[in-house]
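Fold and geometry: a report
The lines below spell out each chain.
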Amino acid sequence: MSDIRVTALDTELVASLRSGGPDANGQPAERAVSDCGGNPCRHCLGFIPKGEAMLVVAHRPFDNLQPYAEVGPIFLCAKECERWTGDGLPPVLAGTAEKRLLKGYSDDDRIVYGLGRIVSNDQIDARARTVLDDARVAYVHVRSSTNNCFTCRIDRD
């Protein structure tokens, strides 16, 4: 994935949420314990180990309010973790059998219709490239295919 990159949540945002700052709904994070049954951290893009503390927050992966600015729950490691910056697919995408929904968005954060697809993990790279080849698309969101929760963003490098 040398010409595209998987982008995790910003470290400053995550630090704010960990210190009690408001989430997308204006509330502090809820604290929970990972059952390791699908608790992916959106900062390190790894799975939160069973028994580890985690945060559950409402997240809106858009800068501005508008009709396509979906809000949904996400998980974060309660402890400090390193932000994902690696090459290839991160553990949350490579380490699970769950299919993912990929959707392309324009520069003004609107869904580019006709490009959304549910794909298996081994198809994420190819599908992301196909979507980003469309000149109307600025970036891709990767979401859970079963719960529609935001997982990460894929950008051109």
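Details of the structure are given in the entry above.
Right, let's talk about helix 3 (residues 124-132) for a bit. Within helix 3, burial applies to Ile124, Arg127, Ala128, Val131 and Leu132. Buried residues of helix 3, viewed axially, fall in a sector of 130 degrees; they line one side. Buried residues along helix 3 sit in contact with strand 1 (4-7), helix 2 (91-94), strand 5 (100-105), strand 6 (117-119), strand 7 (139-144) and strand 8 (150-156).

We now examine the sheet that holds strand 4 (residues 72-77). With respect to topology, three strands assemble into an open sheet ordered 2-3-4, the strand pairing being antiparallel. Both edges of this open sheet fall to strand 2 (30-33) and strand 4, since each of them pairs with a single strand only. With direction set aside, neighbouring strand axes in the sheet form an average angle of 35 degrees. Relative to strand 3 (residues 53-59), strand 2 runs antiparallel, the two being bridged by four bridges. Considered in strand 3, the bridge of Val33 is made with Ala53.

Another point: the environment of Leu45. By secondary structure assignment, the location of Leu45 is in the loop between strand 2 and strand 3. A residue is classified by how much of its surface remains accessible, and Leu45, at 0% relative accessible area, is buried. Between the C-alpha atom of Leu45 and that of Asp87, which follows or precedes it by 42 residues, the distance is 12 Å. Residues contacting Leu45, with those up to four places away along its chain left out, are Val6, Ala8, Trp84, Pro90, Pro91, Val92, Thr151 and Cys152.

Calculation notes
Residues numbered from 1 in each chain as written. Predicted model: local features only at pLDDT ≥ 70, side-chain atom pairs only at ≥ 80, totals over all residues. Heavy atoms only, no water. Buried < 20%, exposed > 50% of the residue type's maximum accessible area, 1.4 Å probe, protein only. Helix = DSSP H or I, 4+ residues; strand = E, 2+ residues; numbered from the N terminus. Arc of directions from axis to C-beta. Contact = heavy atoms within 4.5 Å. Pairing = 2+ DSSP bridges. Axes fitted to C-alpha atoms, helices over the stretch in contact; angles between N-to-C directions.

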